[in-house]
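Structural overview
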Amino acid sequence: MTLTTDLIAQLTATLVPVAGAGAGAEAARIVEAAKTARPDAFAELAASWAQRRAEGVPLGQILGRQRFLGVDLVVGNNVLAPREETEILGREALAFLRERDSKHPGRELRIIDMGCGSGNLACALAVAMPRLKVWASDISTDCAESTRANVARLSLQDRVQVFAGDLFAPLADLGLAKSIDMVVMNPPYIPSISLEKGRAELLRHEPREAFDGGPYGISVLGRLVEESPPFLKEGGALLFEFGLAQERMIKAVVARKGYYTRSRMASDSQGQPRVMVLQQ
Ligand SMILES: C[S@@+](CC[C@H](N)C(=O)[O-])C[C@H]1O[C@@H](n2cnc3c(N)ncnc32)[C@H](O)[C@@H]1O
């Protein structure tokens, strides 16, 4: 008990520079996971994991697991470890689906999780909504594989199908036109130049496709806004995450395309807008 408490305190100090206020929680997760992996030598293992974390490796990559909206996920190689901030998008998606469910009780709800990564949104939403049907897709075959692994672990195969390809291309011939209640995506939104310079460390541990949003950070987002409407039912919605301080650019893209009648943004705990909710 004391060894564990002391170890968590010691690792917390190591993790503060990378994890800030979340250092204590990360240290506790590391120690818990190390105890499970190697009960006889967990302190050494936990210290080596904390050292990698201090070098900037995401915790989900080190442990090979990450919790997202209460769902435990395996995170494969070359796959983004889901970030806590993406839970804002997940909660907004869930609120939209619950509202839609209450308006049309008993009706099947259908969503597309675009750029599914580890399958965090697809799986968490399917677990929370027992009648939900999900079409998940990613340009990366590693991500599609990682999502399939999580779908199988959570026994969601009969409700979550997984595809690989560029945006909506793999879904084009599935007869989904005007049948989808919600498209959700956490797209890559970091400008390419930032990845070459200030934020190059991101590419040391996770794939470029997860981050690179083109010259202004909105290349994939712009296509998403344009290509979602043919899939959406009346009253259907497109929800997506965007980067800090990108809200003006996003509003301009949405206004230019003009496909949606209602729009609003959701913010993080610091009041920074991070999620766009667009409705037809
Ligand atoms: C920021 S990550 C999000 C992953 C996961 N949904 C999450 O929330 O952690 C963006 C994902 O979009 C995928 N992606 C990037 N460009 C894409 C495209 N043109 N078509 C489909 N997926 C794409 C990436 O491979 C990556 O998995």
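Note: the structure precedes this text.
What counts, and at which threshold
Residues numbered from 1 in each chain as written. Predicted model: local features only at pLDDT ≥ 70, side-chain atom pairs only at ≥ 80, totals over all residues. Helix = DSSP H or I, 4+ residues; strand = E, 2+ residues; numbered from the N terminus. Rg over C-alpha atoms; globule rule 2.2 N^0.38 Å. Buried ≥ 20, exposed ≤ 12 C-beta atoms within 10 Å, placed from the backbone. Contact = placed C-beta atoms within 7 Å. Core = buried A, V, L, I, M, F, W, Y, C linked by C-beta atoms within 7 Å. Pairing = 2+ DSSP bridges. Axes fitted to C-alpha atoms, helices over the stretch in contact; angles between N-to-C directions. Expected span 1.5 Å × (residues − 1). Right-handed = clockwise from strand over helix to strand, strands pointing away. Parallel < 35°, antiparallel > 145°, perpendicular 65-115°, else oblique. Left-handed = near helix turned anticlockwise from the far one by under 90°. Nonpolar A, V, L, I, M, F, W, Y, C, P; charged D, E, K, R; others polar.

**Description of the overall build of the protein chain**
Check the secondary structure of the protein chain and you find 10 helices and 9 strands. Computed over the C-alpha atoms, the radius of gyration of the protein chain is 19 Å, within 12% of the 19 Å expected from 2.2 N^0.38 for a compact globule of 280 residues. Overall size of the protein chain, expressed as C-alpha extent along the three principal axes, is 60 × 40 × 35 Å. Burial statistics for the protein chain: of 280 residues in total, 40% are counted as buried. Sequence separation of 24 or more characterises 63% of the internal contacts of the protein chain that already satisfy a separation of 6 or more.

**Overview of the environment of Leu239**
Structurally, the position occupied by Leu239 is in strand S7 (residues 232–241). We classify Leu239 as buried; it has 24 C-beta atoms within 10 Å.

**Here we look at unusual backbone geometry**
A positive phi angle, near 50 degrees, is found at Leu69, a position not held by glycine. Its place among the elements puts Leu69 in the loop between strand S1 (65–68) and strand S2 (71–74). For Lys178, which is not glycine, the phi torsion reads 55 degrees and is therefore positive.

**What to know about the nonpolar core**
Core analysis: the biggest nonpolar cluster contains 75 residues, and Leu125, Met182, Val183 and Leu239 have the highest contact counts within it. Considering every element that reaches this core, the biggest residue donor is helix H6 (residues 120–128), with 6 residues.

**A look at the sheet that holds strand S8 (residues 262–267)**
Read from one edge of the open sheet, 7 strands run S5-S4-S3-S6-S7-S9-S8, paired in mixed fashion. Sheet topology places strand S5 (160–164) and S8 at the edges, where each strand pairs with a single neighbour. Pairwise comparison of adjacent strand axes, ignoring direction, gives a mean angle of 15 degrees for this sheet. Those strands touched by helix H7 (residues 141–153) are strand S4 (132–138) and S5, and its axis lies near 165 degrees from that of S5.

**Some points on helix H1 (residues 2–19)**
With 18 residues, H1 should reach 26 Å at 1.5 Å per residue; the first-to-last C-alpha distance of 23 Å fits that figure. Leu7, Ile8, Leu11 and Leu15 are the residues of H1 that are buried. Close packing links the buried residues of H1 with helix H2 (23–37) and helix H3 (42–54). Of the residues one or two after H1, Gly20 is the one with positive phi, at around 55 degrees.

**Let's talk about H2**
Here H2 spans 21 Å end to end across 15 residues, near enough to the 21 Å set by a 1.5 Å rise per residue. At its buried positions, H2 is contacted by H1, H3 and helix H4 (59–63).

**Quick word on the pairing of S4**
In terms of burial, S4 is largely enclosed, as 6 of its 7 residues are buried. Looking at chain direction, strand S3 (residues 109–114) and S4 are connected through 6 bridges and run parallel. Residue pairing in the sheet places Arg110 in a bridge with Lys133 of S4. Handedness of the crossover joining S3 and S4 through H6 is recorded here as right-handed. Crossover handedness for the path S4 to H7 to S5: right-handed.

**Section: the packing of H1 against H3**
Where H1 contacts H3, the two axes come as close as 9 Å, and the packing angle between them is 10 degrees. On the basis of their axis angle, the class for H1 and H3 is roughly parallel. Contact residues: H1 offers Leu3, Leu7, Leu11, Thr14, Leu15, Pro17 and Val18, while H3 offers Ala43, Ala46, Ala50, Arg53 and Ala54.

**Description of the pairing of S5**
Residues in a regular strand project their side chains so that they alternate between the two faces of the sheet. Bridge count for S4 against S5 is 5 bridges, and the pairing is parallel. By the bridge assignment for S5, Ala136 is matched with Val162.

**Comments concerning the packing of helix H5 (residues 86–103) against H6**
Where H5 contacts H6, the axes come no closer than 10 Å and their chain directions differ by 40 degrees. Our classification of the angle between H5 and H6 gives oblique. Crossing geometry of H5 relative to H6 is assigned as right-handed. Where H5 abuts H6, its residues Thr86, Gly90, Ala93, Leu94 and Leu97 lie against Asn120, Leu121, Ala124, Leu125 and Ala128. Of the residues in the contact of H5 with H6, the class split is 7 nonpolar, 3 polar and no charged.

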